[in-house]
Amino acid sequence: MSEFSIATQLVHAGERRVAPLGVPAATPIYATSTFVYERMEDVDRVVEGEREGFVYSRYGNPTVAALEAALAEIENGKFAFCFGSGMAALHAALLACELSNGSVVLASQDLYGASLELLQTIFGAFGVRTVTADFSDLEALRSKTQELKPRVLIGETISNPLLKVLDVETVALIAHEAGAKLIVDNTFATPFLCQPINFGADFVVHSATKFLGGHADATGGVVIAREDFDRPALMGALTLAGGVLSAWEAHSILRGLKTLGLRLEKQCRNAERLAEFFLDCEQVEKVIYPSLAGERQTEIANRILRKNYCGAVLGVRLKTDSRAAVYEFMNALRLCTRAASVGDIFTGVVHPATATHREMSAAKRGRLGITEGLLRISAGIEEVEDIIADLEQAFEKVDFSELPIASASGYVEFEVSGLSRI
Ligand SMILES: *Cc1c(COP(=O)(O)O)cnc(C)c1O
């Protein structure tokens, strides 16, 4: 018989049992916001950092810590912190670079749309100036860096949606020569294809929502750091801005990580096969994929990415400027998803002009090559012939001969409204 009433028993029964003997083979979900200790002195020591332990999940949770340990190891960093999304991770990495009124950020011009917007709107409001540059023109980048003295350079290992491979090695040198830090968004390459810290990056950021998780069932982000001295700044950005990852999401992403190699293997091979397929399609003007982007890009890809891998994402420019025709093609897909993401086990097709780069003016998109006819395809793990059959049947449903043909520089001005961005 319990000494307590049933109402009290319902609250406390079964809780706070001592961990059983035997270490769990897989990390459990520690669905707890707080951790209790027998003695207050022990709490004190943990809070002081004299002893390892957990107190409150915003400051650390064992499931999240397991994912952080895994990612720090896999990306060859000193430590990692996980966040509630890729954007929260980027925000924290930028905060950790100690930006203040008047500092300059030099950003790759084809950075993920929301990343540029974060810099321009949120950081811009605090007086941080963001300048964009073509990170594939290294000489121009070097002189711009020396001229502007930015605190940070930020780029993507494989850019979105134009899939340019960043010469991380040279860009890290350019940044460090000028006393700047380098943040690399490694979402599209993943640590299976590239570990930017090995090439000198100071912070590596991921949207774990994409390849790391890989199953379209978890939202998260991570920052991995090259140097221990950045720990307090990043820890502050995590615990004070408070964008922590939940134990549930951490568990899904940790599970996803285990098959990242297997998935990427298949996804990259599928992407290559899809690139071949599109090269032979009469409706396609251009296929964008690092191995097809000329000698210079191939050299960078060979040096920066895993040998013979160019990623799981490709771009396809259809021979049309008509949004209606592009939508018609996308609507006709039966197997490929129209999901606004990349890196899932499903093959997904995205229309960057109205998704990732919706906020950008049509003129700017046109200059960057993000035209109305551009599609971004993220290869899944399905049987590739099934994906191709789906694309073929969708092409058959659209009469491209009736449509205006995209000219080399041609884009059509569209009013863009709404705030959704992916
Ligand atoms: C999706 C994405 C982000 C943002 O990540 P969220 O998890 O959606 O916040 C940042 N960078 C790249 C390259 C992405 O694809």
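Scroll up to find the structure this text is about.
Please read these numbers as outputs of a predicted model, since none were measured by experiment. In this numbering scheme, every chain counts its residues from 1 along its sequence in written order. This being a predicted model, a pLDDT of at least 70 is required before a residue's local features are given, and a value of 80 or more before pairs of side-chain atoms are given or counted; all residues contribute to the totals for chains, interfaces and linings. Side-chain measures here rest on the full set of heavy atoms in the structure, leaving out hydrogens and waters.

Draft legend 1. Region of the structure containing the overall build of the protein chain. Per the secondary structure count, the protein chain includes 15 helices and eleven strands. As a reference, a globule follows 2.2 Å times the number of residues to the power 0.38, and the radius of gyration itself is taken over C-alpha atoms. On C-alpha atoms alone, the protein chain measures out to a radius of gyration of 23 Å, which is about the 22 Å that the 2.2 N^0.38 rule sets for 422 residues. If one aligns the C-alpha atoms of the protein chain with their principal axes, the spans along those axes are about 80 × 55 × 40 Å. For the protein chain, the share of sequence-separated contacts (at least 6 apart) that also reach a separation of at least 24 residues comes to 76%. Total accessible area on the protein chain stands at roughly 19,600 Å², and carbon and sulfur atoms take up 53% of it. Taking the 40 positively charged and 54 negatively charged side chains of the protein chain as two groups, their mean positions are separated by 2 Å. Numbering of helices and strands starts at the N terminus; helices are DSSP runs of H or I of at least 4 residues and strands are runs of E of at least 2. Here, two residues are considered to be in contact whenever any of their heavy atoms come within 4.5 Å of each other. Here, Shrake-Rupley sampling with a 1.4 Å probe gives the accessible areas, and only protein chains in the shown set may cover a residue. As used throughout, the charge tally considers Lys and Arg to be positive and Asp and Glu to be negative, leaving His and the chain termini uncounted. For the purpose of locating charges, the reference atoms are NZ of Lys, CZ of Arg, CG of Asp and CD of Glu.

Draft legend 2. Broad picture of the site of the ligand. The ligand sits among S85, G86, M87, Y112, D185, T187, F188, S207, T209, K210 and G220. A distance of 2.9 Å separates an oxygen atom of the ligand from a polar atom in the backbone of G86. When grouped by side-chain class, the residues that make up the shell around the ligand number three nonpolar, six polar and two charged. Near residues are defined by distance, with any heavy atom within 4 Å of the molecule or strand qualifying the residue. Any pair of N or O atoms that falls within 3.5 Å is considered a polar contact. Within protein, one atom must be able to donate a hydrogen and the other to accept it, and sequence-neighbouring residues count only if both atoms are side-chain atoms. Each residue receives one of three labels: charged for Asp, Glu, Lys and Arg, nonpolar for Ala, Val, Leu, Ile, Met, Phe, Trp, Tyr, Cys and Pro, and polar for the others, Gly being one of them.

Draft legend 3. How the structure looks around the pairing of strand β9 (residues 313-318). A simple rule labels every residue: compare its accessible area, found with a 1.4 Å probe on the protein chains alone, to the largest value its type can have, and call it buried under 20%, exposed over 50%, or partly exposed in between. Counting buried residues in β9 gives six out of six residues, a clear majority hidden from the surface. Neither face of β9 is exposed, since V313, G315 and R317 on one face and L314, V316 and L318 on the opposite face are all buried. Strand direction decides the pairing type here: strand β8 (residues 284-288) and β9, joined by four bridges, are antiparallel. Across the sheet, residue I288 finds its bridge partner in β9, namely G315. Pairing between strands is defined by DSSP: at least two bridges between the two strands are required.

Draft legend 4. Looking closely at unusual backbone geometry. Residue P161 is reached from N160 by a cis peptide bond, and omega for that bond is 5°. Relative to the assigned elements, P161 resides in the loop between β4 (152-156) and α7 (168-177). At A216, a residue that is not glycine, the phi angle is positive and equals roughly 60°. Looking at where A216 falls in the secondary structure, it is placed in the loop between β6 (203-207) and β7 (221-225). Here A216 falls in the partly exposed class, since its relative accessible area comes to 47%.

Draft legend 5. Summary view of a nonpolar patch on the surface. A cluster of nonpolar side chains, contributed by I6, L10 and V11, occupies part of the molecular surface with about 360 Å² of accessible area. By the secondary structure assignment, L10 is in helix α1 (residues 6-12). The class of L10 is exposed, set by a relative accessible area of 70%. By definition, no residue in a patch forms a salt bridge, and every one has over 30% relative accessible area; like charges are joined within 9 Å, nonpolar side chains (Val, Leu, Ile, Met, Phe, Trp, Tyr) within 5 Å. Think of a salt bridge as a Lys or Arg side-chain nitrogen and an Asp or Glu carboxyl oxygen that are within 4 Å of each other.

Draft legend 6. The nonpolar core, seen in detail. Among the nonpolar cores identified, the biggest contains 125 residues, and L153, L274, F278, L314 and F329 are the most heavily contacted of them. In terms of residue count, helix α11 (residues 260-279) provides more of this core than any other element does, eight residues in total. The split of the chain into domains comes from an automatic or database domain assignment. Built from parts of two domains, this core gets at least three residues from each of domain 1 (61-257) and domain 2 (260-402). Throughout, nonpolar core names a set of buried Ala, Val, Leu, Ile, Met, Phe, Trp, Tyr and Cys residues whose side chains join them through atoms within 4.5 Å.

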